[in-house]
Amino acid sequence: MSTSITAEAWVAPVPVPVLSFSPVVLSVPGRPVDLQVRVSAPSTGTGLPVILLSHGHGPSNNLSSLNGYAPLANFWAAHGFVVVQPTHLTSRTLTDLVADAPGAPDFWRSRAEDMTHVLDRLEVIENAVPQLAGRIDPTKVALAGHSLGGFTAALLLGAGLTDPGTGNLVHLLEPRIKAGVLLAPPGRGGDVFNGPMAERWPIIGAVDFSTMTAPALVVTGDKDDPRHFTDMGPDWHADPYTLAPGPKTLLTLFGAEHGLGGIAGYDAAETTDESPERVAALARLTAAYLRTQLHPGDNAWQTACEALTTGPNPVGRVESK
């Protein structure tokens with residue numbers, strides 16, 4: 001049974017030590033390599049909610065794998081979530097092994113199916129991690145994804161996709177996922193999808209957000225200019241909010257570029273807008289959003305928004321529908 005977190009407790013939460021275990025290896029029939037995941041969990045607590053975290057496709061080698069996104073994974077785990085991070089087939093760590101595999105190079109279907117495999121075998125994963133057995137609440141599952149991971153999250157939350165191979169509309173909704181966080185996700189296709197990368201990654205513009213009905217927080221940076229895909233500017237990344245039905249919330253971070261301050265890894269050289277303060281605020285806001293979504297009546301989201309998006313130095317602005 002969930003307990004409400006008071007405003008005082010959430011403003012100054014006391015994180016607990018984190019257990020991180022990897023790899024947990026799952027054999028998946030038909031997948032060219034085994035599915036490997038990292039599990040990060042708080043050292044104490046029971047009835048723990050789960051966050052599935054889908055990595056992006058950045059320039060680094062290991063950040064696009066189970067080894068990335070430590071600034072978020074560690075914070076979320078320290079504040080009461082079990083975070084499960086798969087290495088998708090798009091990972092640069094697997095390029096030499098899967099370059100010629102069916103679905104390359106974008107592996108759009110496989111990326112989504114990875115999360116379904118994780119949920120199908122959540123008990124196996126739980127029992128494989130020391131000191132975790134019996135502590136997960138499998139009914140409280142959320143999903144987060146950055147960049148290409150945001151694309152994957154959109155599909156699992158209900159967005160449709162026109163399969164470029166068949167022309168058929170595909171839906172990969174995963175009903176066990178109750179809410180999501182899309183971090184700097186791709187936006188719409190169509191006439192606005194006119195940048196130099198649009199021809200190389202047509203799948204990105206094949207998403208229909210009109211059926212993405214699950215609750216979601218979309219996070220964008222007001223300096224995140226996706227000119228390689230579109231000339232729409234930073235607003236393109238807000239399309240999963242703008243074009244999807246409610247309930248949705250949009251968090252626009254002031255001064256943030258595509259790395260949102262450096263969420264993909266500590267001190268990552270390719271982060272163009274490095275800001276530990278922004279990352280800390282984002283980690284807190286996303287944790288608060290998911291806590292409130294998974295524990296209705298919990299005031300964590302309202303409290304975090306009041307602390308971080310109001311007053312003289314807000315980190316961003318929030319709107320909802």
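Some remarks on the overall build of the protein chain
When its secondary structure is counted, the protein chain shows nine helices and 12 strands. Expected size for 321 residues packed as a compact globule is a radius of gyration near 20 Å; at 18 Å, the protein chain falls within 12% of this value. Summarising the internal contacts of the protein chain: among those between residues at least 6 apart in sequence, 72% fall at separations of at least 24. Within the structure as shown, the protein chain displays about 13,200 Å² of accessible surface, and the carbon and sulfur contribution to it stands at 54%. Here the protein chain contributes 20 positively and 31 negatively charged side chains, and the mean placements of these two sets differ by 4 Å.

Considering the nonpolar core
Grouped together as the largest cluster of nonpolar side chains are 55 residues, with contacts concentrated most on Leu52, Val82, Phe151 and Ile204. Of all the elements, helix H6 (residues 148-156) adds the most residues to this core, at six residues. Those residues in contact with leucine 52, other than ones at most four positions away along the chain, are Val84, Met115, Val118, Leu119, Val141, Ala142, Leu143, Ala144 and Ile177. Within the second largest apolar cluster, 41 residues are counted, among which are Leu72, Trp76, Ala264 and Trp301.

Points about the pattern of salt bridges
Applying the stated criterion across every chain yields a total of eight salt bridges. With a shortest N-O distance of 2.9 Å, arginine 188 and aspartate 239 are connected by a salt bridge. Residue arginine 188 is found in the loop between strand S8 (179-183) and strand S9 (207-208), and its partner aspartate 239 is found in helix H7 (residues 239-242); the two are separated by 51 residues along the sequence. For arginine 188, a relative accessible area of 28% puts it in the partly exposed group.

Considering the pairing of strand S4 (residues 82-86)
The buried count for S4 comes to five of five residues, which makes it a mostly enclosed element. With burial as the criterion, each face of S4 is covered, one bearing Val82, Val84 and Pro86 and the other bearing Val83 and Gln85. Here strand S2 (residues 35-42) pairs with S4 via four bridges, running antiparallel. Each residue of the ladder has a partner; that of valine 37, found in S4, is proline 86. Examined bridge by bridge, strand S3 (residues 48-54) and S4 share three bridges and lie parallel to one another. Paired with leucine 52 across the two strands is valine 84, which belongs to S4.

Here we look at the layout of surface pockets
If a probe as big as a water molecule is rolled over the atoms, it shows which places are left empty. Estimated volume of the largest pocket: approximately 800 Å³. If you trace the largest pocket, you find 36 residues lining it, with His57, Gly58, Pro59, Ser147 and His258 closest to the centre. Considered class by class, the residues forming the lining of the largest pocket number 15 nonpolar, 13 polar and eight charged.

With respect to the sheet that holds strand S6 (residues 160-162)
Within the open sheet, the three strands sit side by side as S7-S6-S9. Their pairing is antiparallel. This sheet does not close on itself; its edge strands, each paired only once, are strand S7 (169-171) and S9. Where S6 and S9 come together, two bridges link them in antiparallel fashion. From the neighbouring strand, leucine 161 faces S9, where its bridge partner is valine 207.

Comments concerning the environment of valine 28
Relative to the helices and strands, valine 28 resides in the loop between strand S1 (18-26) and S2. Considered as a pair, valine 28 and histidine 117 are 89 residues apart in the sequence and their alpha carbons are 7.9 Å apart. In this structure, valine 28 is in contact with Leu35, His117 and Arg121, ignoring residues within four places of it in sequence.

What to know about the pairing of strand S10 (residues 216-221)
Where burial is concerned, most of S10 is hidden: six out of the six residues are buried. In S10, alternate side chains face the same way, and those of Ala216, Val218 and Thr220 on one face and Leu217, Val219 and Gly221 on the other are all buried. Summarising the sheet, S8 and S10 pair through four bridges and their orientation is parallel. Within S10, the position partnered with valine 181 by the bridge is leucine 217.

Description of the packing of aromatic side chains
Tallied over the entire structure, the rule returns four aromatic pairs. Pairing phenylalanine 193 with phenylalanine 229 gives two aromatic rings, centres 5.7 Å apart and planes at 10°, and the pair type is stacked. Placement of phenylalanine 193 in the loop between S8 and S9 and of phenylalanine 229 in the loop between S10 and H7 is noted, with a sequence separation of 36 residues between them. Grouping aromatic residues by their ring pairs yields a cluster made of Phe193, Phe229 and Trp236. It is lysine 321 that lies over the ring of tyrosine 241; its NZ or CZ is 5.0 Å from the centre.

Examining unusual backbone geometry
Omega for the peptide link from serine 22 to proline 23 comes to -10°, which places this bond in the cis form. Residue placement: proline 23 occurs in strand S1. Following alanine 104, the chain continues to proline 105 via a peptide bond in cis, the omega torsion being 0°. Following the sequence through the fold, proline 105 ends up in the loop between helix H3 (95-98) and helix H4 (108-120). Positive phi, close to 45°, is recorded for phenylalanine 107, a residue that is not glycine. As for its position among the elements, phenylalanine 107 is in the loop between H3 and H4. Backbone geometry places glutamine 131, a non-glycine residue, at a positive phi of 70°. Mapped onto the elements of the fold, glutamine 131 is located in the loop between helix H5 (122-128) and strand S5 (136-146). On the accessibility criterion, glutamine 131 (60% relative accessible area) is exposed.

Each value, and the rule that gives it
- Residues numbered from 1 in each chain as written.
- Predicted model: local features only at pLDDT ≥ 70, side-chain atom pairs only at ≥ 80, totals over all residues.
- Heavy atoms only, no water.
- Helix = DSSP H or I, 4+ residues; strand = E, 2+ residues; numbered from the N terminus.
- Rg over C-alpha atoms; globule rule 2.2 N^0.38 Å.
- Contact = heavy atoms within 4.5 Å.
- Areas by Shrake-Rupley, 256 points an atom, 1.4 Å probe, with all protein chains shown as cover.
- Lys, Arg positive; Asp, Glu negative; His and termini not counted.
- Charge placed at Lys NZ, Arg CZ, Asp CG, Glu CD.
- Core = buried A, V, L, I, M, F, W, Y, C linked by side-chain atoms within 4.5 Å.
- Buried < 20%, exposed > 50% of the residue type's maximum accessible area, 1.4 Å probe, protein only.
- Salt bridge = Lys/Arg side-chain N within 4 Å of Asp/Glu carboxyl O.
- Pairing = 2+ DSSP bridges.
- 1 Å grid on protein atoms, 1.4 Å probe; cavity = no way out; pocket = protein on both sides within 12 Å on 5 of 7 lines; lining within 4 Å.
- Points joined across faces, edges and corners; volume = space filled by probe spheres on them.
- Nonpolar A, V, L, I, M, F, W, Y, C, P; charged D, E, K, R; others polar.
- Phe/Tyr/Trp six-rings, centres within 6.5 Å; stacked < 30°, edge-to-face > 60°.
- Lys NZ or Arg CZ within 6 Å of the ring centre and 35° of its normal.

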